[in-house]
Amino acid sequence: MNINVYTESTPNPATMKFIVNKLLINGSVDYATKESAETSPFAKELYKFSFVNGVFFASNFVTVTKTDGTEWDDIEAILKEFVKGAVESELKVQEAPEAEVDFEGTDAEVKIQQILHDYVRPAVEQDGGAISYKSFNEGIVTVELRGSCSGCPSSTITLKAGIENLLKRMVPEVTEVVSEAL
């Protein structure tokens, strides 16, 4: 199979999506630090570049966060070539197999998790990020934003205008959605 890689900007100017014409992973996984990448040969190799400050994988793309002071014009072609070579050589995203999705908790918690998984996750992944459910307590849903969503200037708008409104409409018990800082 001939691997093609193209880039797409994200709402976060420090991150860029490198999209390939092959499935890399079912679901998503975030390697926000070099240390966390120990279980990912692909992410570990990306962190060898001094300008890489974050790595996030979902379906058919990898989102790379660059260091401050680095320009995309200087590194985009280098990363595109690396991603192409890594995918062609079948460098693994994860050593361990991914777990099945399993929702737990009260009826409201299960419904919130299902909505986040089915409706919100795909939209957030399109922007190179990920969202995960943390808790639901006294009407407040706590989520964690990762990938390009972590530290993104527009993530607060996404959280309040998008996710909060959706959950309030679909789960009447929800009064607010907040993001847990990483």
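Residue numbers here run from 1 along each chain, matching the order of that chain's written sequence. Totals for whole chains, interfaces and linings use all residues, but because this is a predicted model, local features are given only for residues with pLDDT of at least 70 and pairs of side-chain atoms are given and counted only at 80 or more. To obtain the side-chain values, all non-hydrogen atoms of the structure were included, while hydrogens and water were left out.

## Some thoughts on the sheet that holds strand β2 (residues 15-20)
Any two strands between which DSSP finds at least two bridges are classified as paired. Segments assigned H or I by DSSP are reported as helices when at least four residues long, segments assigned E as strands when at least two residues long, and all are numbered from the N terminus. Taken in spatial order, the five strands make up an open sheet running β1-β2-β5-β4-β3, and their pairing is antiparallel. At either end of the open sheet lies a strand with only one pairing partner, and these are β1 (5-9) and β3 (28-31). When the angles between neighbouring strand axes are averaged without regard to direction, this sheet yields 20 degrees. Across the face of the sheet, helix α3 (residues 107-126) comes into contact with β1, β2, β3, β4 (52-58) and β5 (61-66) while running at roughly 100 degrees to β2. In this analysis, axes come from line fits to C-alpha atoms, helices being fitted only over the stretch in contact, and the angle between any two N-to-C directions falls in the range 0 to 180 degrees. Contacts were defined at the residue level, with two residues in contact if any of their heavy atoms lie within 4.5 Å.

## As for the pattern of salt bridges
Each salt bridge in this description consists of a side-chain nitrogen of Lys or Arg and a carboxyl oxygen of Asp or Glu lying within 4 Å of one another. Here the structure, examined in full by the defined rule, presents six salt bridges. Note that Lys-17 is salt-bridged to Glu-8, the shortest N-O span being 3.5 Å. Burial classification: accessible surface area is computed with a 1.4 Å probe over protein chains only, and a residue below 20% of its type maximum counts as buried, one above 50% as exposed, and the rest as partly exposed. On the basis of relative accessibility, which here comes to 1%, the residue Lys-17 falls in the buried class. Glu-8 gets classed as partly exposed once you look at its relative accessible area, which sits at 31%.

## Some words on the packing of aromatic side chains
Paired rings are identified among Phe, Tyr and Trp, the last through its six-membered ring, by centres lying within 6.5 Å, and are further divided according to the angle between planes into stacked (under 30 degrees), edge-to-face (over 60) and tilted (the rest). Counted by the stated rule, this structure contains seven aromatic pairs. Ring geometry for Tyr-31 versus Phe-57: centroids 6.2 Å apart, planes at 75 degrees, classification edge-to-face. Of the two residues, Tyr-31 is situated in strand β3 and Phe-57 in strand β4; the sequence distance between them amounts to 26 residues. Here Tyr-31 matches Phe-57 in class, with each residue buried. A centroid spacing of 5.0 Å and a plane angle of 65 degrees characterise the contact between Phe-42 and Phe-57, whose relative ring orientation is edge-to-face. Of the two residues, Phe-42 sits in helix α1 (residues 41-46) while Phe-57 sits in strand β4, which places them 15 residues apart along the sequence. For the residue pair Phe-42 and Phe-57, the accessibility class agrees, reading buried in each case. Linked through ring pairs, Tyr-31, Phe-42, Phe-49, Phe-51, Phe-57 and Phe-82 together constitute an aromatic cluster. Cation placement over rings: the criterion is NZ of Lys or CZ of Arg within 6 Å of the ring centroid and within 35° of the ring normal. We note Lys-17 situated over the ring of Phe-61; from NZ or CZ to the ring centre the distance is 4.3 Å.

## Considerations on the sheet that holds strand β8 (residues 176-179)
One open sheet holds the three strands; their spatial order is β6-β7-β8, and the pairing between them is mixed. The open sheet has two free edges, formed respectively by β6 (129-137) and β8, since each of these has just one partner strand. The average angle at which neighbouring strand axes cross in this sheet is 30 degrees, direction not considered. Of the pairings in the sheet, the one linking strand β7 (residues 140-147) to β8 comprises four bridges and is parallel in character. From the neighbouring strand, Val-143 faces β8, where its bridge partner is Ser-179. Helix-sheet contacts for α3 involve β6 and β7, and the interaxial angle to β6 is about 165 degrees.

## Thoughts on the nonpolar core
Generally speaking, soluble globular proteins have nonpolar side chains that are buried together. The definition of a nonpolar core used throughout is a set of buried Ala, Val, Leu, Ile, Met, Phe, Trp, Tyr and Cys residues joined through side-chain atoms within 4.5 Å. Formed by 28 residues in total, the largest nonpolar core has its most connected members in Phe-18, Phe-42, Val-55, Phe-57, Leu-79 and Val-83. Residue assignment for this core shows that the elements contributing at least two residues are β2, β3, α1, β4, β5 and α2 (72-88). Here this core gets seven residues from one element, more than from any other, and that element is α2. Beyond its immediate sequence surroundings of up to four residues, Leu-79 is in contact with Phe-18, Leu-46, Phe-49, Phe-51, Val-52, Val-64 and Trp-72.

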